[in-house]
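Coordinates in review
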Amino acid sequence: MKTSVIVNRFAHKGGAGLRWPAIKAELEKRLGPFEAQFTQAPGHATQLARAALMSGARRFVAVGGDGTVNETLNGLLDPSGQLLAPEAVLCPIPAGTANELCRALGHGADPSKAYDAAAATGRRAIDLVRVRCIGAEGRPVERFGYLMAAIGAAALVSQRTSQSRWAKKFGDVAYMLMAPAVILGFRSRGVAITVDGIDRGTSNLFTALIANTENGGGGLRLAPGAAFDDGMLDLVEVGDVSRLGALLGVMPRLADGSHVGHPKVCTSRGRSFRFASEVDTLVDLDGETIGRLPLDVEVLPRGFAVGAVEPIP
């Protein structure tokens, strides 16, 4: 199988570039000699993946964080979210700030598993998340992801962390370091919510997550019970909680998932969601700011595959 290796040396605030020689050595042990392609700007991984796909590549090794993996994945999809080549397989290598897909796959504590999976012949199907919202320039945007979409405070924490010159150097805890300042300056806003075509009216929200995996934000258990291969998405709403309530009552419980028992937090499940608000509200997908409300989210079951040492149905 022809392999394309796409590397974001700027991931983890340049940490991926410093680690690249060691990462390359591990990959060469398993894949043999290869010529890597390096991203130069946001969105470049999508272009590189699409060009490699057209040249016959079917295994795509993405070295970086979840943003790099997400961009690579989007290069393999047509506008409807279908794989341009059904046999294409995505192989994430953890070199970013959080590496949540690798964590969800069980590679977080032992990166050697990610290297092994990149060279293996097995596949594991993953649900795809399709997101439509309003982009930064005011035009509709459509993106595909695999972790979770976030609106409100959580999306703002992600944006501020990505923009920070210092925060990402702290790896997994970067989001937690940035969160207090964001939370103490944030206000709840009215958001109209529709789930699977059923209008649920308008709720005051501090933040909301539409999750395909349990983990996010640097290993936090944000959506307990969410599974990336069950054809469903999990909605976690943090309602009209005070700033101190969010900071002291919700945030400390994110690590173990016990925040879902907080009286201002509610959970539900569905296959499609819509969110709208009269207040400007950021949208984040897989750790990257992609636009603002209104937002439509839906799951595309088993939309792509990742490499696996053993085939998983």
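Residues numbered from 1 in each chain as written. Predicted model: local features only at pLDDT ≥ 70, side-chain atom pairs only at ≥ 80, totals over all residues. Heavy atoms only, no water.

The subject of this paragraph is helix α2 (residues 44-54). Within α2, burial applies to H44, A45, L48, A49, A52 and L53. Taken around the axis of α2, the buried residues stretch over an arc of 165°, which confines them to a single face. Seen from the open side of α2, the exposed residues pointing more than 90 degrees away from its buried face are Q47 and M54. The inward-facing, buried residues of α2 abut β1 (3-7), β2 (37-38), β3 (59-64) and α3 (66-74). Just downstream of α2, G56 is the residue with a positive phi angle, here 105°. (Buried < 20%, exposed > 50% of the residue type's maximum accessible area, 1.4 Å probe, protein only. Helix = DSSP H or I, 4+ residues; strand = E, 2+ residues; numbered from the N terminus. Arc of directions from axis to C-beta. Contact = heavy atoms within 4.5 Å.)

Another aspect to go through is the packing of aromatic side chains. According to the stated counting rule, one finds 5 aromatic pairs in the structure shown. Ring geometry for F186 versus F206: centroids 5.2 Å apart, planes at 75°, classification edge-to-face. Highlighted residues: F186 in the loop between α7 (174-184) and β8 (189-195) and F206 in the loop between β9 (198-205) and β10 (207-211), separated in sequence by 20 residues. Note on accessibility: F186 and F206 belong to one class, buried. Taking 6.4 Å as the distance between ring centres and 10° as the angle between the ring planes, the aromatic pair formed by F273 and F275 counts as stacked. The two residues F273 and F275 agree in class, both being buried. Taken together, the aromatic side chains of W20, F34 and F38 make up a single cluster linked through ring pairs. Positioned above the aromatic ring of F38, the side-chain terminus of R9 is 4.1 Å from the ring centre. (Phe/Tyr/Trp six-rings, centres within 6.5 Å; stacked < 30°, edge-to-face > 60°. Lys NZ or Arg CZ within 6 Å of the ring centre and 35° of its normal.)

Generally speaking, soluble globular proteins have nonpolar side chains that are buried together. I183, F206, L209, L222, M251 and L254 are the most contacted members of the largest nonpolar core, which has 30 residues in total. Mapped onto this core, the elements with two or more residues apiece are β7 (148-152), α6 (153-163), α7, β10, β13 (233-238) and α8 (243-250). Top element by residues in this core is α7. It accounts for 5 residues. Excluding anything up to four places from it in sequence, L209 contacts M148, A149, A150, A154, L222, D234, L235 and V236. One finds A45, A49, L90 and I126 within the second-largest nonpolar core, a separate group that totals 28 residues. (Core = buried A, V, L, I, M, F, W, Y, C linked by side-chain atoms within 4.5 Å.)

Attention shifts here to the packing of α2 against α3. At a minimum axis separation of 7 Å, α2 and α3 run at an interaxial angle of 40°. By the angle class used here, α2 and α3 are oblique. When the axes of α2 and α3 are compared, the crossing they make is right-handed. Packed against α2, whose contacting residues are H44, A45, T46, A49 and R50, the element α3 presents T68, E71, T72 and N74 at the interface. Class assignment for the residues of the contact of α2 with α3 results in 2 nonpolar, 5 polar and 2 charged. (Axes fitted to C-alpha atoms, helices over the stretch in contact; angles between N-to-C directions. Parallel < 35°, antiparallel > 145°, perpendicular 65-115°, else oblique. Left-handed = near helix turned anticlockwise from the far one by under 90°. Nonpolar A, V, L, I, M, F, W, Y, C, P; charged D, E, K, R; others polar.)

With that out of the way, let us pick up the UniProt feature "domain: DAGKc" (unreviewed entry) in the protein. Here, the residues flagged by UniProt with the feature "domain: DAGKc" (unreviewed entry) are residues 1-135. Helix makes up 37% of residues 1-135 and strand makes up 24%, while its end C-alpha atoms are separated by 36 Å. (UniProt positions renumbered as here; feature names shortened; annotations may be inferred.)

It is worth spelling out the environment of R221 at this point. You can see R221 is positioned in strand β12 (residues 220-221). Each C-alpha atom of the pair R221 and S272 lies 22 Å from the other, and the pair is 51 residues apart in sequence. Polar contacts involving the side chain of R221 include one to the main-chain carbonyl oxygen of D256, which spans 3.2 Å. (Polar contact = N/O pair within 3.5 Å; in protein donor to acceptor, adjacent residues only side chain to side chain.)

Let us look at α7. Along α7, the positions that sit buried rather than exposed are A174, Y175, M178, A179, V182 and I183. Looking straight down α7, one finds that the buried residues subtend no more than 135° of arc, so they occupy a single side. Structurally, α7 contributes buried residues whose contacts are with α6 and α8.

The next thing to look at is the pairing of β13. Here is the key point about a regular strand: its side chains alternate between the two faces of the sheet. The element β13 is extensively covered by neighbouring structure, given that 6 of its 6 residues are classed as buried. Residues L233, L235 and E237 of β13 are buried on one face, and the alternating residues D234, V236 and V238, pointing to the opposite face, are buried as well. Here β10 runs beside β13; their pairing, made up of 5 bridges, is antiparallel. Within the sheet, the bridge partner assigned to I210 lies in β13 and is L235. Pairing between β13 and strand β14 (residues 265-270): 6 bridges, direction antiparallel. The partner of E237 across the bridge, within β14, is C266. (Pairing = 2+ DSSP bridges.)

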